[in-house]
Amino acid sequence: MSCCLFEYCRVQELKAVREFLFQSQQNNNSSADKKGENELAWDDSNWGSWDKPEAKEVGSGETTGVEEDTAAVSAPWLQDCVVSLSPCSDLMVVAKGSKAVFLSARWQTDDGGREGMTLAVSWSGTLSTNEGESVSNVICIPLASQKRSSTGRPDWTCIVVGFSSGYVRFYTEHEELSILYPAALVTIDGFSLFQSLRACRNQVARAAAAGSEVVQPPPLAYKKWGLQDMDAIVDHSSVGIMTLCVFDQMRNASILGGFHASVKGSLPAMSQYITVGGGPYTGFYYAIEGSSQPLLSHVALAVASKLTSALFTAASGWLGWKKQNEEEPIQKQKPKVEPATPLAVRFGLPDSRRHGESICLSPCNTLAGVTDDFGRFLLNWIKALLGWVQVSEGRGESSPSAPLPRRHAQFLVIYAPRRGILEVWGTQQGPRVGAFTVGKHCRLLYAGYRLMGVNSVTSQGWQLHTQQVCLFDPATGALRTVTVPFHLALSDKKSERAKDLHLLKRLTTLLKNYLESEAQRVLLDIKHPAIKKQALECLLANKNAPVSCLTNITRLLLANPEAVDEALLQLCSSQLKLLQLYTDIQQLHSTVEASTDAHTKPLAGVEEELARVSLILQRYTELTSGSRPSVSFAQDSPDASLPVRGFLSQMEYCVVVYPVGSFLFWGCLIGESPLQKVCDTLQETGISPQHLLSLLLSVWLHREKEVLKKPKAVRHLHTLLTALSSMKGAVESSWDMQCVSPWWQQVRSACVQSHSAAAALLAAIVAHRAAKDNITSLAETKVTHTHTDSEWEAVSLELEQWAVCVRQLEDVLALQTLLCVAPLKGTPGGATPHCSVKALLEGGRGGIADSVAKWVFRQDLAPERLKDMLQRGEAQRTEQPSQPVLREKSQEDADFNRAAGEWRFPDSLSPDLLFAHCCWEYVVQWNKYPEEGRYLCCAVEHLKLVSSPHIQLGISSMMWNTFIVKRFSAAAFLMEKVGKAPKDRLCRRDVGMGDGATTSFLGSCVALLQILMEPWSREESTTPLYNTTVSWPLYYTLTHMHNTYSILTASLSFQGKSAFFRELVSIQLMPSGDMDPGLVSLRQEFLLRVLTGWVKTQSEAGMAPASTRLDLDSGDETWPSLCLDLGTLLQVNPDVLRRHLVCELYNHGLDPRAEQVMLEVEDKDVLGSQLLVLTGQRLSYSLLHTQTQTKPAMELLARLPPTLCTWLKAMDPSELGCLSVPLSQTSRLVSRLIEILPENHGQYSLALHLLEAVEVLQGED
């Protein structure tokens, strides 16, 4: 929390830099350079002459030794050089005379393997192009990158070199580039220069790639001001554009123009420049915007010579260099010098004896530091170098009432070379906040700018990686920056708080290794109460601090009450009690003394209850004590020790957590610690009994597995509950027994909320007995005052609450035991669900059934087996004592009967409710795994077992609308699109499952829709109907005909297609009476084709061998009735379908079946005409188209009437499906024709001739 000097970089190859810049001096002193020199720390035997202050003339070559102490590692050779460092610390320029050295940033690894940034020589050479000129000033300005990935980083760095001849080469700028000449001040606008620099750099790169030597840059606009009214100007600073306030404007007008001066209504914008020199000592100039027009200059550029750094190769076009092998031009044309615009000084600080030497502007542009020729800066610091550091207030340091913008503090950095110190001062009128001994030959580098091309809009959210002030030590090559915390800028009133914050930070550092004496001293040195409290909390939260040390420090603070406030005093008092409790409990747990609190006599009432639920507890223990692999951490282990900081933090805020409860009570529960002593120790601390009760129940319920393995833990729990109940503040003596006790209600609340069913049941049984004993003792106390000779039995509402609670927990344990049964291998379903009394009560009526349905799915129980288990349980509940007891078939039946039997959940586990939840669980799992078609089949089977039609209807509608209709619609339109059974790839793409799963899915949909249609088939059903007159048959048609590979478009109207996307209970648009004849014709054609295909299939099955013959009694026999039913619904005349079916049956030789269907035909005349043609085809084949025509047949053909003979010849027997039909069947068919045709029919006579011909043929055969 104090000011510090941080080294972040080192400069390499300083020896080479010195030798290059001071080559003439090195040649004269070569004889003295015999000692071995280190690259970073040189001997000063050959440099002593440069340390003499009087030797100011550069290049004189004469040196005079100056004796210095050996600790002065280097002579001040750097003071004679021009040095500039980029704000990003990636580039440094050192120049002397006409020579310069560029050093670029590199990452290097030292001998220890640590990486660090260094500055190494990337180029060295001569910069001057005109004879006699030398470098007078250099600045390095980084140009901001325009790439989004490099925000806050420079794209490249441009070097501004000023020469004694007046030329400025290789330059760039930040806000505004200002160049001071002896008689003028030249300013260049920053934005235009930034754009020109980027454009010219690109031109240089293109020219270098094309092999060109020269590029022509655009002219550069600048302003030239002639500064007047000062005798000599040495340095200047550009403040920027400013606008005066109204008061300053009126003051200036009255001073300059007198009483009658006029004031403009608008405030002008002005550029402010501050100069230092002589006559006056400091001058203030104001240039009003628009008072001078920009001038254009032609800048001569040439491609730079070879540079080692790629960065400077790209930027080399800004140098006025020539190549080393380039000849000197014969003549040089001097540039034209434009006249300057006069600018008078507005204000000044006259001091005839003082002459300014330099000015340094602060980052906020409100403060400036000036040095003079007296060799001092305020405090007689000769040759002082100045710099500024601006620090922003960190987040969290400002007060809550502070405005959103963060505050900024300015610190002035002064380096005094004669004294070799670096000091940091606060402004304004602030104290010195830091001082460092750094050596006498360093150089303070302060750029005063950051990235070029950055403004307040584009830089929002950027983190600028720049340094403000850097100290360069040539003896070691180290670059160090000054870091100042914001709080040092606070007033003297708060300096004590700043010191305390520093001590707090030091304490935090000490706690890492924990030095007790140091930490104690630092804590006592803190004065501010709030910070001292924070330090104490930090000390108490340290993981390395031992308990004894914390106790000693807390007691020390309590021993000095005048040094702490009331809040800290209370904190120390409470923490000391907790520390003492922690120590006492640890000592009690470490004793070997056996517990004497556990009595050997049995607990009345508890043993009986435990015996009653022993079977359930035993089964639950078997299921939960399995060695299932799991991952655990050492700090989460039940036996892990509780550190003191965890104990303090959890006890301070009265947080009920398991580790604290385990620390206090687990030793007592397992009989390894003295129960009564622990209870007495806890009572002495003043902790509320309610909090202790919560901690006891937390450890009991959390460590259920260990509790079930230790039978004596129940007895110890009873002892602890009794002891806690007897504490003051636990059970009030004025408690009315007809009301619920808050103490015992706390125990019941913890039990009913716990998911540890067995531990909760044991705790409830023990608490029930303890509460009964407590109530009995209170009742006896009250009764003795009134009745001394009567025996009373205490009856209260509290005991009734406990009886209900124990029964509820017993039922939950039975249910949890059922749910803990391990699932079958490979069955999905997730982790074992956990239940509690509270969760079941809040889950409603379906919560229990939902849990059991998940168990049914995980066990993969068949619906019929579940039905059998329910019936067996119902029989056991209703059987008479004389009837034999039904035994369970398996352990699953026993677990299920234990949970669902014995009237535990008679309403929640009713058969209909359980089957409905099982159906829903299976369909949910099918939706997760669509390829598992058996899940949907099981869901439908469970739905069939629901006896209530209302529940069936509701579950079916929910299943259809939630899970099925989208996939069903996708399958329907996919088949309509491809016109056949789609392949596996298309099914996976559109339906989300393979072709096999799609077939199973459609079959399950058929079963589901059949369940939906059952209420309509029952005349006595009172279920309200919903409009499925269109939607259901269409779906039914699709599911039954998807294997016929037929196009479905013909059978679906627009309303039918839209029904795929509607809910089953929605009102559909019914077809009107005027149905489109074309659509009806297509439907009729489709159904006729289905009937034709079915008859053909039956004919082929009848002709197949007996071993391969299809079962004609299978489901295929339902197709004719299905088509007839659909014909009625699709407005197709069913009589047409029946006639077509009769004709197709006769056509394929299935005459017996055709006679059965013929009885249902209504229009006999049309059927007779159709069958007459079929009979003619049969006779035509027998008389005319057989290969072996008999003589009787030929004679019969000759005897036939000419009309009949011509008619038979016109028949085409190839249309017959079965040619070889016995004449007996044909004769019977003709007889049927005579019966159904009326005598006035036009073809009746033809039928008689056919009958005669058939009889003749039959007689001859």
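Residues numbered from 1 in each chain as written. Predicted model: local features only at pLDDT ≥ 70, side-chain atom pairs only at ≥ 80, totals over all residues. Heavy atoms only, no water.

## Observations concerning the overall build of the protein chain
Helices and strands together make up the secondary structure of the protein chain, namely 41 helices and 26 strands. Taken across its 1261 residues, the protein chain has 47% of its residues classed as buried. Summarising the internal contacts of the protein chain: among those between residues at least 6 apart in sequence, 70% fall at separations of at least 24. (Helix = DSSP H or I, 4+ residues; strand = E, 2+ residues; numbered from the N terminus. Buried < 20%, exposed > 50% of the residue type's maximum accessible area, 1.4 Å probe, protein only. Contact = heavy atoms within 4.5 Å.)

## Some thoughts on the pattern of salt bridges
A full pass over the atoms with the stated rule returns 29 salt bridges. A salt bridge links glutamate 423 to arginine 432; the shortest N-O distance between them is 2.5 Å. On the basis of relative accessibility, which here comes to 3%, the residue glutamate 423 falls in the buried class. Residue arginine 432 is classed as partly exposed on the basis of its relative accessible area, which comes to 44%. Notably, a salt bridge pairs aspartate 1151 with arginine 1178, separated by 3.1 Å at the nearest N-O pair. Remark: arginine 1178 occurs in helix α37 (residues 1164-1183) and aspartate 1151 occurs in helix α36 (residues 1151-1158); sequence separation between them is 27 residues. Of the two residues, aspartate 1151 and arginine 1178, neither departs from the other in class, the shared state being buried. Several salt bridges converge on common partners, so that one network encompasses Glu609, Arg612, Arg807 and Glu810. (Salt bridge = Lys/Arg side-chain N within 4 Å of Asp/Glu carboxyl O.)

## Re the sheet that holds strand β14 (residues 282-288)
If you trace the four strands from one edge of the open sheet to the other, you get β12-β13-β14-β17, paired in antiparallel fashion. The open sheet terminates on both sides in strands that have one partner only, identified here as β12 (232-243) and β17 (345-349). For this sheet, the mean inter-axis angle between neighbouring strands, taken without regard to orientation, is 20 degrees. Pairing analysis gives 10 bridges linking β12 to strand β13 (residues 269-278), with the strands arranged antiparallel. Counted as the bridge partner of alanine 232 is glycine 278 from β13. (Pairing = 2+ DSSP bridges. Axes fitted to C-alpha atoms, helices over the stretch in contact; angles between N-to-C directions.)

## Brief notes about the nonpolar core
Counting 168 residues, the largest nonpolar core has Phe647, Trp700, Val852, Trp855, Met959 and Ile964 as the members making the most contacts within it. Of the residues forming this core, the biggest block, 16 residues, is contributed by helix α20 (residues 757-783). Residues within four places of isoleucine 964 in sequence aside, it is in contact with Leu936, Met959, Phe1001, Cys1005 and Leu1008. Of all hydrophobic cores here, the second largest spans 55 residues; its members include Val1080, Leu1167, Leu1246 and Val1254. (Core = buried A, V, L, I, M, F, W, Y, C linked by side-chain atoms within 4.5 Å.)

## Section: the packing of helix α16 (residues 689-702) against helix α19 (residues 742-753)
Relative orientation of the contacting elements α16 and α19 amounts to 25 degrees, with a least axis distance of 11 Å. Of the possible angle classes, the one that applies to α16 and α19 is roughly parallel. In the packing of α16 onto α19, the handedness of the crossing is right-handed. Residue-level contacts link Pro689, Gln690, Leu693, Ser694, Leu697 and Leu701 of α16 to Trp743, Gln746, Val747 and Ala750 of α19. For the contact of α16 with α19, the class distribution of residues is seven nonpolar, three polar and no charged. (Parallel < 35°, antiparallel > 145°, perpendicular 65-115°, else oblique. Left-handed = near helix turned anticlockwise from the far one by under 90°. Nonpolar A, V, L, I, M, F, W, Y, C, P; charged D, E, K, R; others polar.)

## Some points on α37
For α37, which comprises 20 residues, the first-to-last C-alpha distance of 28 Å matches the rise-based estimate of 28 Å (1.5 Å per residue) to within 8%. Residues of α37 that are buried: Leu1167, Gly1168, Leu1171, Leu1172, Leu1174, Thr1175, Gly1176, Gln1177, Arg1178, Leu1179, Ser1180 and Leu1183. (Expected span 1.5 Å × (residues − 1).)

## A word on unusual backbone geometry
Put simply, glycine 279 and proline 280 share a cis peptide bond, and its omega is 0 degrees. Tracing the chain through its elements places proline 280 in the loop between β13 and β14. For aspartate 229, which is not glycine, the phi dihedral falls at a positive 70 degrees. Mapping aspartate 229 onto the fold places it in the loop between β11 (220-227) and β12. Residue classification places aspartate 229 among the partly exposed positions, given a relative accessible area of 46%. Here asparagine 365, not a glycine, exhibits a phi torsion of approximately 60 degrees, which is positive. Within the element layout of this structure, asparagine 365 appears in the loop between β18 (356-361) and β19 (368-372).

## With respect to the sheet that holds strand β4 (residues 99-109)
Spatially, the eight strands line up as an open sheet ordered β2-β3-β4-β5-β1-β26-β25-β24, and their pairing is mixed. The sheet is open, and its two borders are formed by β2 (82-85) and β24 (443-446), each paired with just one other strand. Ignoring strand direction, the axes of neighbouring strands in this sheet form an average angle of 30 degrees. Docked against the sheet, helix α1 (residues 14-21) engages β1 (4-11), β3 (91-96), β4, β5 (115-126) and β25 (469-473), running at close to 175 degrees with respect to β4.

## Here we look at the confidence of the model for the protein chain
Low pLDDT means the predicted coordinates in that region are not meant to be read closely. Mean pLDDT over the protein chain works out to 75, with 74% of the residues at or above the 70 mark. When the criterion is pLDDT under 50, residues 880-888 qualifies, and its contacts beyond four places in sequence or with other chains add up to 11 contacts. Across residues 1104-1115 the pLDDT falls below 50, and counting only partners more than four positions away or on other chains, this stretch makes eight contacts in the model. (pLDDT = per-residue confidence, 0-100.)

## Things to note about the pairing of strand β7 (residues 154-163)
Most of β7 is tucked away: eight of the 10 residues are buried. Looking at chain direction, strand β6 (residues 135-144) and β7 are connected through nine bridges and run antiparallel. Opposite valine 135, over in β7, you have phenylalanine 163 as the bridge partner. Inspection of the sheet shows β7 paired to strand β8 (residues 168-169) by two bridges, in the antiparallel sense. For glycine 162, the partnering residue across the bridge sits in β8 and is valine 168. Between β7 and β8, which pair antiparallel in sequence order, lie four residues; one of them, glycine 166, sits at a positive phi of approximately 100 degrees.

## So, helix α34 (residues 1119-1129)
Those residues of α34 that sit buried are Trp1119, Pro1120, Leu1122, Cys1123, Leu1124, Leu1126 and Gly1127. Backbone geometry just downstream of α34 places glutamine 1131 in the positive-phi region, at approximately 60 degrees.

## Description of the environment of phenylalanine 163
Tracing the sequence through the fold places phenylalanine 163 in strand β7. Owing to a relative accessible area of 5%, phenylalanine 163 belongs among the buried residues under this scheme. Considered as a pair, phenylalanine 163 and serine 128 are 35 residues apart in the sequence and their alpha carbons are 7.7 Å apart. When near neighbours in sequence (up to four residues on either side) are disregarded, phenylalanine 163 contacts Leu127, Ser128, Glu133, Ser134, Val135, Ser136 and Arg169.

## Section: a nonpolar patch on the surface
On the surface, Val246, Met250, Val263 and Leu267 cluster together into a nonpolar patch covering about 340 Å² of accessible area. By secondary structure assignment, the location of valine 263 is in the loop between α4 (246-257) and β13. (Patch = residues over 30% accessible without salt bridge, like charges linked within 9 Å, V, L, I, M, F, W, Y side chains within 5 Å. Areas by Shrake-Rupley, 256 points an atom, 1.4 Å probe, with all protein chains shown as cover.)

## Considering the packing of aromatic side chains
Enumeration over the complete set of coordinates arrives at 14 aromatic pairs. Ring centres of tyrosine 286 and phenylalanine 347 lie 6.3 Å apart, and the angle between their planes is 85 degrees; on these two criteria the pair is classed as edge-to-face. Within this pair, whereas tyrosine 286 is found in strand β14, its partner phenylalanine 347 is found in strand β17, the two being separated by 61 residues in sequence. Classification of tyrosine 286 as buried rests on a relative accessible area of 13%. (Phe/Tyr/Trp six-rings, centres within 6.5 Å; stacked < 30°, edge-to-face > 60°.)

## Looking at the side chain of glutamate 133
Structurally, glutamate 133 is set in the loop between β5 and β6. With a relative accessible area of 5%, glutamate 133 lands in the buried category. For glutamate 133, the side chain forms a polar contact with the side chain of serine 165, separated by 2.3 Å. Residues contacting glutamate 133, with those up to four places away along its chain left out, are Ser98, Ser128, Phe163, Ser164, Ser165, Tyr167 and Arg169. (Polar contact = N/O pair within 3.5 Å; in protein donor to acceptor, adjacent residues only side chain to side chain.)

## So, the side chain of arginine 748
Along the chain, arginine 748 turns up in helix α19. Under the relative-accessibility criterion, arginine 748 is labelled buried at 4%. At a separation of 2.7 Å, a polar atom in the side chain of arginine 748 contacts the side chain of glutamine 745. Contact partners of arginine 748, with chain neighbours within four places excluded, come to Val740, Glu798, Gln801, Trp802 and Cys805.

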